[in-house]
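If you want the building blocks of each chain, they are given just below.
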2 protein chains.
Amino acid sequence: MAAKEFSEYHTIPFYECDVNNQVTIPMLINILILASEHQNTELGVDQAALISKFGIGWVVISYSIKINRLPTNNATVKMTTRGTSYNRYFAYREFWLHDEQGNELVKVESVWVLMDEKKRKITPMTDEIIAPYHSEKVKRVPRLPRPEIIKNLADATAKKYQVRCSDIDFNGHVNNSHYLEWMTDALSMEFLDTHTPKQIDIRFDNEVKYGNLVTSSVVVDSQDHDRIKTVHEITANDEISASAMFIWRQNNTKGNN
Amino acid sequence: MAAKEFSEYHTIPFYECDVNNQVTIPMLINILILASEHQNTELGVDQAALISKFGIGWVVISYSIKINRLPTNNATVKMTTRGTSYNRYFAYREFWLHDEQGNELVKVESVWVLMDEKKRKITPMTDEIIAPYHSEKVKRVPRLPRPEIIKNLADATAKKYQVRCSDIDFNGHVNNSHYLEWMTDALSMEFLDTHTPKQIDIRFDNEVKYGNLVTSSVVVDSQDHDRIKTVHEITANDEISASAMFIWRQNNTKGNN
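Residues numbered from 1 in each chain as written. Chains lettered and ligands numbered in written order. Predicted model: local features only at pLDDT ≥ 70, side-chain atom pairs only at ≥ 80, totals over all residues. Heavy atoms only, no water.

Draft legend 1. Examining the domain arrangement of chain A more closely. All names here are of chain A. Taken as a whole, chain A is organised into domain 1 (1-144) and domain 2 (145-257). In this structure, domain 1 and domain 2 have C-alpha centres spaced 20 Å apart. Contacts between domain 1 and domain 2 engage 22 residues on the former and 27 residues on the latter. Taking both partners together, domain 1 and domain 2 bury about 2,100 Å²; carbon and sulfur atoms supply 50% of that area. Summed over the shared surface of domain 1 and domain 2, the result is one salt bridge. With a closest N to O distance of 2.9 Å, Glu207 and Arg120 form a salt bridge. Viewed at the interface, domain 2 and domain 1 are joined by 14 residue pairs in polar contact (both at pLDDT 80 or more). Elements represented by at least two residues in the side of domain 1 that touches domain 2 include exactly helix 1 (25-42) and strand 2 (56-67). If you tally residues by element for the side of domain 1 that touches domain 2, the top one is strand 2, at eight residues. Tallied by class, residues from the side of domain 1 that touches domain 2 come to eleven nonpolar, seven polar and four charged. (Domains from an automatic or database assignment. Contact = heavy atoms within 4.5 Å. Buried area = accessible area lost by both parts, 1.4 Å probe. Salt bridge = Lys/Arg side-chain N within 4 Å of Asp/Glu carboxyl O. Polar contact = N/O pair within 3.5 Å; in protein donor to acceptor, adjacent residues only side chain to side chain. Helix = DSSP H or I, 4+ residues; strand = E, 2+ residues; numbered from the N terminus. Nonpolar A, V, L, I, M, F, W, Y, C, P; charged D, E, K, R; others polar.)

Okay, here's the thing in C-alpha cells:
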C-alpha cells in the first residue's frame, strides 16, 4: 500500500519573498510544513491532537533540500507531501514543490522523530499515530547527508541574534524556519543578492529558547567557482543548535533567474 | 461616484501567528497591504508599473488600527480596501478585516504619499495614477492621531536590532511590517503572552536601511488598569524612524481570546 500523498496550492505573497523577488528559504520551509500540517489534520493526527491525547509532538531532525528554481512573487505553486517510510524511532517524509506547468521546482527529504513534550525525550512510533499515513515500515529510513562542521571558527564570519518573542510558536518552540533565517542572514547582502541556493542540507541538534543569544557562523568556500559552498553553524550557550551546508549558483540578472 | 472597493479572502497559516495563535501585527499589516496591491494590479497601477512608467512609488505615512478581535490560526478572513479620498499630496486609504460571519475584526485607516524613487521627495498626485480608484478629491484628508513621543528615554526599555537582508524587499526598502515587529518585541514575552492590542497608532518618519542598528524603545503605562498603554519609538542614527502608541487589553485565557 503506497504512502498517502497530500497536495494543495499556494500563491506566494510579496511578504514571503526576498530582494530577488523569490520565496525566501524560511518561507519555503513554512509553506511545505503547512501542507504536511494540513495532511495531519485531514488524517485526524494533527499537532493539537497528538499533544492533547499523547503528550507528544513531531520534531524534525534534518532536511535535504534540492532546488531547481525558486518561485517568485505571485506565483502559484503546488505543494505535495507524503510520509514515505518509518522505523521504530524515525519517520521519513518527502515534499515536492511544482509550478503550474508541473515542473519540479523543489524536492525536500526530511527525517522526523516523536518527542515527549514533558520529558523532552524521543518516543517510539505507535500504530495509532503512523497508520493513517500508510507509510512503509522499513528497517532503516534513508540517511540524509550530514552537514560538515566548521573546522576553524576563527575563519568564520559570525552574527549574533537575540531570539525574539515572535520567533516562538503556539507550542512554545522556535519555528525551525528561523534557523534558516539566521543562517542566510550571516552572509552579506551582496552575496545573497547575487546567489541562489541549489542544495541545502540542514541538521537540528539542540533547541534554542526565547531570550537566548544565538551565534550564526558561516564560512564561504568559493574556490570552485561553479560550486560555491557555505558551511553554517548556529550555536547557543556554547552548544551547536543546528548545522548546514548550502551549495549556491550565481544569479544571472536580478529578478530574472 | 463612490471609491472602488476591493475584497479577497485569506486563510491564516500557522507561521503568521504568535504565541497566542493569533495573527501577528506585522502579518496583519502584510495581508492588508497584499489586498491593496492586488487592487492596484487589478486597476493597472501596480507598484512595478508606477516605478517603470513614472519612477514613483506609494509610501505609507501613518496607520490607525482598531482591533476588535485578531483572527487565529487557520481562520479564513475577508480583507477589504478602498482608496477613499485624496488631495494634492495625500491619499487616505481604508482597510477592513471581517470573519466569515461578517463580523468586523479590524479596521485600519492609513495616509499615503507618492515618492519619487530617485529624488526621495514627495510628488503631487496625478490623475493617471489616482483616477482608477474613484477616490473622492477633498481639501483635507482625515488626520490620523499622532502618537505621543517618549518624554524621557531614560524611562524606556530598549532593545537593539540589526536590519537584516531578509527585512529588505524587492524595491530595496525595509518592509514596514518590520517596524511593528521591533516595536512589539521590545515588550516582554510575559506581557505579549497576556495582552492583545486593541488600538495602534503608528507614524513613519525616516526609512531605516540595511545594516542600520535600530533601537526599539518602549514605555509601558499601566496606571489605568483598563487601558494599558505603551509608547514606542524606533530610532536609527539618532533620528526617529517611527513612533507608535498601542492600547492593550488583557487576555482571558491563552488561545481563547
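Okay, back to it.
Draft legend 2. Examining the interface of chain B and chain A more closely. Taken together, the 36 residues of chain B in the interface contact 36 residues of chain A. Taking both partners together, chain B and chain A bury about 3,100 Å²; carbon and sulfur atoms supply 60% of that area. If you sort the residues of chain B by the area they bury against chain A, Tyr15, Arg164 and Phe170 of chain B come out on top, with a joint share of 26%. Run the count over chain B and chain A and you get two salt bridges. A salt bridge links Arg164 of chain A to Glu181 of chain B; the shortest N-O distance between them is 2.9 Å. Our count for the contact surface shared by chain B and chain A stands at ten residue pairs in polar contact (both at pLDDT 80 or more). Those elements that place two or more of their residues in the side of chain B that touches chain A are helix 1 (25-42), strand 8 (157-162), helix 4 (177-185) and helix 5 (189-194) of chain B. Among the elements that line the side of chain B that touches chain A, the one with the most residues is helix 1 of chain B, at seven residues.

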